[in-house]
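Residues per chain are reported as follows:
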Amino acid sequence: MNSYQEQKDDLLNRLKRIEGQIKGIQKMIQDDKYCVDVLTQVAAAKAAINKVGGMLLKSHAMGCVKGAVLSDDKEKSSEMIDELVDVVLKFMK
């Protein structure tokens with residue numbers, strides 16, 4: 001089950017751009033570009049992937065987790081909250 005269906009096209013486009021950024025960084029390394037220029041592109045790629053992760057995290061919280069919390073299934077609700085905490089902690093690393 002996913003809660004990002006409405007954002008799927010946007011997410012895929014962002015990931016394709018990130019893929020292009022990574023290939024560009026590889027080429028910069030192959031072409032012996034200046035370290036700071038490469039690091040700047042690495043920072044931009046990290047920011048872009050964090051944006052995608054943030055979008056997915058929000059969708060999960062507002063879709064899957066919210067649905068579980070509003071349901072009558074207290075065990076499922078508790079599991080979803082634990083899962084959300086775990087994924088937020090992973091995302092913060």
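Note that the coordinates shown come from a computational prediction; the quantities given were computed from them, not determined experimentally. (Residues numbered from 1 in each chain as written. Predicted model: local features only at pLDDT ≥ 70, side-chain atom pairs only at ≥ 80, totals over all residues. Heavy atoms only, no water.)

**Notes on the overall build of the protein**
Broken down by element type, the protein carries 3 helices and 0 strands. Along the chain direction, N to C, the helices and strands of the protein fall in the order α-α-α. For the protein, the C-alpha radius of gyration of 18 Å lies well beyond 12 Å, the compact-globule estimate for 93 residues. For the protein, the spread of C-alpha atoms along the principal axes amounts to about 60 × 25 × 15 Å. (Helix = DSSP H or I, 4+ residues; strand = E, 2+ residues; numbered from the N terminus. Rg over C-alpha atoms; globule rule 2.2 N^0.38 Å.)

**Looking at a nonpolar patch on the surface**
Where nonpolar side chains cluster on the molecular surface, the patch consists of Val69, Ile81, Val85, Leu89 and Met92 and spans about 450 Å² of accessible area. If one sorts the elements of the nonpolar patch by residue count, helix 3 (residues 74-92) sits on top with 4 residues. Mapped onto the fold, Leu89 is located in helix 3. (Patch = residues over 30% accessible without salt bridge, like charges linked within 9 Å, V, L, I, M, F, W, Y side chains within 5 Å. Areas by Shrake-Rupley, 256 points an atom, 1.4 Å probe, with all protein chains shown as cover. Salt bridge = Lys/Arg side-chain N within 4 Å of Asp/Glu carboxyl O.)

**As for the confidence of the model for the protein**
Detailed conclusions should not be drawn from predicted coordinates in areas where pLDDT is low. For the protein, the average pLDDT comes to 95, and 99% of its residues sit at 70 or higher. By mean pLDDT, helix 3 is the weakest element of the protein at 93, and helix 1 (residues 8-30) is the strongest at 98. (pLDDT = per-residue confidence, 0-100.)

**Concerning a negative patch on the surface**
Together, Asp72, Asp73, Glu75, Glu79, Asp82, Glu83 and Asp86 give the surface a local cluster of negative charge. With respect to the element layout, Glu79 can be found in helix 3. The class of Glu79 is partly exposed, set by a relative accessible area of 43%. (Lys, Arg positive; Asp, Glu negative; His and termini not counted. Charge placed at Lys NZ, Arg CZ, Asp CG, Glu CD. Buried < 20%, exposed > 50% of the residue type's maximum accessible area, 1.4 Å probe, protein only.)

**Examining the side chain of His60**
The topology assignment puts His60 in helix 2 (residues 35-70). With relative accessibility at 16%, the residue His60 sits in the buried group. Ignoring anything within four residues of it in the chain, the contact list for His60 reads Ser3, Val65, Met80, Glu83 and Leu84. (Contact = heavy atoms within 4.5 Å.)

**Focus: the pattern of salt bridges**
Overall, the coordinates contain 3 salt bridges when judged by the stated rule. Of the charged contacts, one joins Lys23 and Glu19 as a salt bridge, the two residues approaching to 3.8 Å between their closest N and O atoms. A residue pair is termed a helical-turn pair when its members lie 3 or 4 positions apart in one helix, as Lys23 and Glu19 do in helix 1 at 4 residues. You can call Glu19 partly exposed: its relative accessible area is 45%. Note that Asp31 is salt-bridged to Lys27, the shortest N-O span being 2.7 Å. Taking the relative accessible area as the measure of exposure, Lys27 reaches 46% and is therefore partly exposed.

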